[in-house]
Amino acid sequence: MTDIDLNALSLPELKQLQKNVAKAIASFEDRRKAEARAKVDELARELGFSFDELAEAAPTRKRAASAPKYRHPENTEITWSGRGRKPAWIAEALASGKSLDDFAI
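Residues numbered from 1 in each chain as written. Predicted model: local features only at pLDDT ≥ 70, side-chain atom pairs only at ≥ 80, totals over all residues. Heavy atoms only, no water.

Caption draft 1: Focus on the domain arrangement of the chain. Domains assigned within the chain are domain 1 (11-57) and domain 2 (70-103). For domain 1 versus domain 2, the distance between C-alpha centres works out to 49 Å. (Domains from an automatic or database assignment.)

Caption draft 2: Up close: the nonpolar core. Counting residues in each nonpolar core, the largest one holds six residues, listed as Y70, W80, W89, I90, A93 and F103. Per element, the largest residue contribution to this core is three residues, and it comes from helix α3 (residues 88-95). When near neighbours in sequence (up to four residues on either side) are disregarded, W80 contacts P68, K69, Y70, R85, K86, P87, W89, I90 and L100. (Core = buried A, V, L, I, M, F, W, Y, C linked by side-chain atoms within 4.5 Å. Buried < 20%, exposed > 50% of the residue type's maximum accessible area, 1.4 Å probe, protein only. Helix = DSSP H or I, 4+ residues; strand = E, 2+ residues; numbered from the N terminus. Contact = heavy atoms within 4.5 Å.)

Caption draft 3: Layout of the pattern of salt bridges. Summed over the entire model, instances satisfying the criterion amount to two salt bridges. D41 is the partner of R37 in a salt bridge, and the nearest nitrogen-oxygen pair spans 3.3 Å. Of this pair, R37 and D41 both sit in helix α1 (residues 11-46), four residues apart, which is roughly one turn of the helix. By relative accessible area, R37 is classed as partly exposed at 37%. D52 is the partner of R37 in a salt bridge, and the nearest nitrogen-oxygen pair spans 3.3 Å. (Salt bridge = Lys/Arg side-chain N within 4 Å of Asp/Glu carboxyl O.)

Caption draft 4: How the structure looks around α3. Here α3 has its buried residues at W89, I90 and A93. Taken end-on, α3 shows its buried residues confined to a sector of 100°, consistent with a single buried face. More than 90 degrees from the buried face of α3, the exposed residues found are A88, E92 and A95. Positive phi appears at G97, one or two residues downstream of α3, with a value of about 110°. (Arc of directions from axis to C-beta.)

Caption draft 5: Here's a closer look at α1. Between its first and last C-alpha atoms α1 spans 53 Å; for 36 residues at 1.5 Å apiece the expected length is 52 Å, and the two agree. G48, located one to two residues past α1, shows a positive phi value of around 90°. (Expected span 1.5 Å × (residues − 1).)

Caption draft 6: A look at the environment of E13. Note that E13 resides in helix α1. The exposure class of E13 is partly exposed, given its relative accessible area of 41%. Within polar-contact distance, the side chain of E13 engages the backbone nitrogen of S10 at 2.8 Å. (Polar contact = N/O pair within 3.5 Å; in protein donor to acceptor, adjacent residues only side chain to side chain.)

Caption draft 7: Structural context of the side chain of H72. Of note, H72 is situated in the loop between β1 (70-71) and β2 (79-80). The buried category is assigned to H72, whose relative accessible area is 15%. At a separation of 3.1 Å, a polar atom in the side chain of H72 contacts the main-chain amide nitrogen of N75. Once residues within four sequence positions are removed from consideration, H72 is found in contact with I78 and W89.

Here it is in structure tokens:
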């Protein structure tokens, strides 16, 4: 490996060196990914599949919808599970002095 005296370089030279290093890192990572892909493709072919078939078959994890815990007092179709950001109608009611228990289902 070449030793570079960074203190002897000007700012433009340092910035160019930084760009060159970033390109070298990206190129290295791309080569490693290509090698990994080739190995996975080879193993998949040995087992009678293609990598694309296996990638499509990967299960996607879906989160079940949570049951509502709170209901709007005037419009019973509007509910909130208690997860995530509070709806405006809950925030306004809490600001006016009510509690979440007042809206519990």
